[in-house]
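Tertiary structure, described
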Amino acid sequence: MLSSRRLLISITIFSFLFFGCKPRTPQLTFAVGGASNEVEYWEKIVSEFTDSTRIDVVLLRQPTDTDQRRQGLVIPLRSRQQDPDIFLMDVIWVGQFAASDWLEPLDSVVATGDVNLADFFESIVNQVDTYHDSLYALPVYNDCGLLYFRKDLLEKYGLKPPVTWQQLIRSADIVQENERITNPHFFGFVWQGAQYEGLVCNFLEFAASNNGGIIDSAGGIIVYTPENIRAADLMHDLIHKHKISPPNTYTEMKEEETRLAFENGNALYERNWPYAWALHNKEGSRVKGKVAAALLPRGHNGQHAAALGGWHIGISKFSDNKTEAMTFLKFVLSYATQKKLALNLGWNPGRSDLYEDADVRRKMPHLDVLKNSFDHAVARPTSPYYTQISEILQQNQNAALSGKSSSDEALARAQREINEILQRYNE
Ligand code: GLC
């Protein structure tokens, strides 16, 4: 017979093993990246979720660069790993992830009425999140390229925000020349020209605002056109001829490098996404209260254009915790969470109903410019082979920017290489 003391010890060990060590519920792994304030804010959201559902979530911190974020997801998904259960995807990956059969369909959350598609922008859901008539993702936030400018400096030199690229060049030139007297690091215009996905977005904006583009009316990918060559020349000239953009534009400039240059008081104009707004205006920023946003300029006879970006949430087909992942997805897409993301990160909400929210409008005075940018949004191709196409565009556009190739040579080569890819896949 067990002595009462030994019995007590056995019960304690048994209870510890079976109750004490047992996790509260399965643990979800959620992969997110971006600027450090974004990741920190997700930590808050996740802990609120755990408090109300008792579902633990581990944040898998990813880098800022979209290409590196993609790589971090493709490796586990290709090997059918269970983690991460749920993640944010760049608009341009959703088609490829769905075609690779890596995503759990979300049609059930719509069928049960837990998510109402009418709360989202229909064209975005149709273009980005739907594949072969099934829903695979939903937008957490929508991005579009914007022009940030220093109100104080334009005022100081009696200038107006530019509407055309020519006006941008002229005003940047005047301000740069004068500001350089006291600040040798000052440049007129900073944007993203390094060899990565952001360059494709910038190129698309220069091209579309000069009557060019990369998708023709039949959905084909056409890059070698006189309009696109002129746009690539303009990008090259901003650095080498007008010298209003820094020489490291094509070696280093991605979103964060650009944001920091502007935030440190070293630029008059900046092309960036909506996330930069809250950071420019945060406590301690040198440009707090001195910034405004406008549509990106247009060419002489062109239209304003803004690349359509954004991040969409989806669930891995290989997750062991799909029910909990669905609960988390609904939480992230709820009005309350989306409102917090907009108020705290200045994001362009994925839900369309938030654009009329009085608090959001107060906090984001540039919301109308943002909404307006959507009318000028230009999408990148949604092909499942987009990654290969983008790599070709990145390399050749970067070669044109650095002056290694002329714009004509670079775009002709890009067109040849893209045609080969599309022929290989019979597109
Ligand atoms: C932003 C956009 C994304 C784009 C990326 C390029 O994150 O939302 O769509 O691909 O920038 O750097």
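**Digging into the sheet that holds strand β9 (residues 267-272)**
Taken together, the four strands give an open sheet; going across it, the order is β8-β9-β7-β10, and neighbouring strands pair in mixed fashion. The open sheet has two edge strands, β8 (187-190) and β10 (291-294), and neither has a second partner. Shown here is a sheet whose adjacent strand axes are inclined to one another by a mean of 20 degrees, direction ignored. Across four bridges, strand β7 (residues 146-150) lies against β10 in antiparallel orientation. Along β10, the bridge assignment pairs Y148 with A293. Relative to β9, helix α8 (residues 165-179) is tilted by about 140 degrees, and along the sheet it contacts β7, β8 and β9.

**A word on helix α16 (residues 367-375)**
Of all the residues in α16, the buried ones are L367, L370, S373 and F374. Each buried residue of α16 sits inside an arc of 115 degrees when the element is viewed along its axis, so together they form one side. Where α16 is buried, its residues meet β6 (138-144), β7, β11 (306-315), α15 (358-363) and β12 (377-378).

**Side note on the site of the ligand**
Around the ligand sit 13 residues, and of these D90, D143, E255, G310 and R380 come closest. One of the side-chain N or O atoms of D90 is found 2.5 Å from an oxygen atom in the ligand. Within the backbone of G310, one N or O atom sits 2.8 Å away from an oxygen atom of the ligand. Only α9 (197-208) and β11 provide two or more residues apiece to the shell around the ligand. Here the element with the most residues in the shell around the ligand is β11; it accounts for three residues. Counting only domains with at least three residues in the shell around the ligand, you end up with domain 1 (24-143 + 309-378) and domain 2 (146-307 + 382-424).

**Here's the deal with the nonpolar core**
By size, the foremost hydrophobic cluster in this structure holds 128 residues, and its most contacted members are F30, W42, F97, V140 and F189. Built from parts of two domains, this core gets at least three residues from each of domain 1 (24-143 + 309-378) and domain 2 (146-307 + 382-424).

**Digging into the domain arrangement of the protein chain**
When the domains of the protein chain are assigned, the result is domain 1 (24-143 + 309-378) and domain 2 (146-307 + 382-424). Taking only C-alpha atoms, the centre of domain 1 and the centre of domain 2 are 27 Å apart. The interface of domain 1 with domain 2 comprises 31 residues on the first partner and 25 residues on the second. Both sides of the domain 1 and domain 2 interface together cover about 2,300 Å² of buried area, and 66% of this is carbon and sulfur. The interface formed by domain 1 and domain 2 includes one salt bridge.

**Some details on the layout of surface pockets**
There is about 300 Å³ of room inside the largest pocket. Residue lining of the largest pocket: 14 residues in total, with N210, R230, L234, G299 and H300 positioned closest to the centre. Elements that contribute at least two residues to the lining of the largest pocket include exactly α8 and α10 (226-240). Looking at which element gives the most residues to the lining of the largest pocket, the answer is α10, with four residues. Partitioned by chemical class, the residues of the lining of the largest pocket number three nonpolar, eight polar and three charged. Broken down by secondary-structure element, the contributors of at least two residues to the lining of the second largest pocket are α3 (66-78) and α17 (386-402). For the lining of the second largest pocket, the element with the highest residue contribution is α3, accounting for six residues. Looking at the lining of the second largest pocket residue by residue, the classes come out as four nonpolar, five polar and five charged.

**Concerning the pattern of salt bridges**
For the structure on display, the rule yields 20 salt bridges. Residue K156 is joined to E179 by a salt bridge in which the shortest nitrogen-to-oxygen separation is 2.8 Å. With K156 in helix α7 (residues 151-156) and E179 in helix α8, the pair connects residues that are 23 residues apart, well separated along the chain. Take K156: its relative accessible area is 55%, and that puts it in the exposed class.

Rules and cut-offs
Residues numbered from 1 in each chain as written. Predicted model: local features only at pLDDT ≥ 70, side-chain atom pairs only at ≥ 80, totals over all residues. Heavy atoms only, no water. Pairing = 2+ DSSP bridges. Helix = DSSP H or I, 4+ residues; strand = E, 2+ residues; numbered from the N terminus. Axes fitted to C-alpha atoms, helices over the stretch in contact; angles between N-to-C directions. Contact = heavy atoms within 4.5 Å. Buried < 20%, exposed > 50% of the residue type's maximum accessible area, 1.4 Å probe, protein only. Arc of directions from axis to C-beta. Near = heavy atom within 4 Å. Polar contact = N/O pair within 3.5 Å; in protein donor to acceptor, adjacent residues only side chain to side chain. Domains from an automatic or database assignment. Core = buried A, V, L, I, M, F, W, Y, C linked by side-chain atoms within 4.5 Å. Buried area = accessible area lost by both parts, 1.4 Å probe. Salt bridge = Lys/Arg side-chain N within 4 Å of Asp/Glu carboxyl O. 1 Å grid on protein atoms, 1.4 Å probe; cavity = no way out; pocket = protein on both sides within 12 Å on 5 of 7 lines; lining within 4 Å. Points joined across faces, edges and corners; volume = space filled by probe spheres on them. Nonpolar A, V, L, I, M, F, W, Y, C, P; charged D, E, K, R; others polar.

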